Amino acid sequence: IELDPIQVAVTPQLESGQKAPPIDVKTYDDKKDLTLELFKGKYLFICFWISSSPSADFQAKLQEMYADMKNKQPLRMLAICVDEDRKQAVDYIVKQKLREGSHGFSDGLENRTLFDYGVRSFPSFWLIDPEGKIAMTQSEFAQAFRNEDDLAVIITNRITGTDSPTPAKRPNEQDDNGASSDK
């Protein structure tokens, strides 16, 4: 039996401090591209979600968290809905009154942004720093949730550098001048 080759896609392993991959999602009306450049100068909290999963219920909690944080931290939020049916997703957002932050739409799982960020489950969180570098990966969020269940605290700790490792350096890493960060 001869089988066709199987196409395999290898997701890049992203780490804090690396330049964030581009974002290519659209607004609800398809008139505007939402890109990282629109959010430069502030931290950007990104949440990938699907309206048919438990992550949809979590969106209301994210809205409350962001409404409370946006005036306390240099933070913006981009909720990227991965639903294939954008109209149904927009109807859900309107019905649930999810008005905080920016809403982007990938129109399904085949969007390059999801691949570049290695999104495999929902919700999936990322934090991008004001210069467009990754401040916190989805795996770092997962690790942080083991010790802290308050997402606002996790984000604040990363922004202020009070968590370990800080977004800029890991223990035993050297900076550009050769100095170790564990001093």
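The sections below set out a description of the structure shown in this document. (Residues numbered from 1 in each chain as written. Predicted model: local features only at pLDDT ≥ 70, side-chain atom pairs only at ≥ 80, totals over all residues. Heavy atoms only, no water.)

### Some details on the packing of helix α4 (residues 138–147) against helix α5 (residues 151–160)
Part 1 of the argument: Packing of α4 against α5 leaves a shortest axis separation of 10 Å and a crossing angle of 120 degrees. Considering the angle they form, α4 stands oblique to α5. Considering only the axes of α4 and α5, their crossing is right-handed. Contact residues: E140, F141, A144 and F145 in α4; L151, I154, I155 and R158 in α5.
Part 2 of the argument: In terms of residue class, the contact of α4 with α5 is built from six nonpolar, no polar and two charged. (Axes fitted to C-alpha atoms, helices over the stretch in contact; angles between N-to-C directions. Helix = DSSP H or I, 4+ residues; strand = E, 2+ residues; numbered from the N terminus. Parallel < 35°, antiparallel > 145°, perpendicular 65-115°, else oblique. Left-handed = near helix turned anticlockwise from the far one by under 90°. Contact = heavy atoms within 4.5 Å. Nonpolar A, V, L, I, M, F, W, Y, C, P; charged D, E, K, R; others polar.)

### Let's talk about the packing of aromatic side chains
We describe a pair of aromatic rings using the distance from one ring centre to the other and the angle between the two ring planes.
Part 1 of the argument: Scanning all chains against the criterion turns up eight aromatic pairs.
Part 2 of the argument: Both rings, one in Y117 and one in W126, keep their centres 5.1 Å apart while their planes meet at 85 degrees; by these two values the pair is edge-to-face.
Part 3 of the argument: Taking relative accessible area as the criterion, Y117 reaches 1% and is therefore assigned buried.
Part 4 of the argument: An angle of 50 degrees between the planes, with centres 6.2 Å apart, marks the rings of F125 and F145 as tilted. Taken together, the residues span a long stretch of sequence, with F125 in strand β6 (residues 124–128) and F145 in helix α4 at a distance of 20 residues.
Part 5 of the argument: The exposure class of F125 is buried, given its relative accessible area of 6%.
Part 6 of the argument: With a relative accessible area of 31%, F145 lands in the partly exposed category. (Phe/Tyr/Trp six-rings, centres within 6.5 Å; stacked < 30°, edge-to-face > 60°. Buried < 20%, exposed > 50% of the residue type's maximum accessible area, 1.4 Å probe, protein only.)

### Details of helix α2 (residues 86–95)
Given 3.6 residues per turn, any residue in an α-helix points the same way as the ones three and four places further on.
Part 1 of the argument: Looking at α2, one finds that the buried residues are R86, A89, V90, Y92 and I93. Angular distribution of buried residues about the axis of α2 spans 155 degrees; they occupy a single face of the element. Exposed and oriented more than 90 degrees from the buried face of α2 are K87, V94 and K95.
Part 2 of the argument: Put simply, D85 is the residue that caps the front of α2, since its side-chain oxygen is 3.2 Å from the backbone nitrogen of K87. (Arc of directions from axis to C-beta. Polar contact = N/O pair within 3.5 Å; in protein donor to acceptor, adjacent residues only side chain to side chain.)

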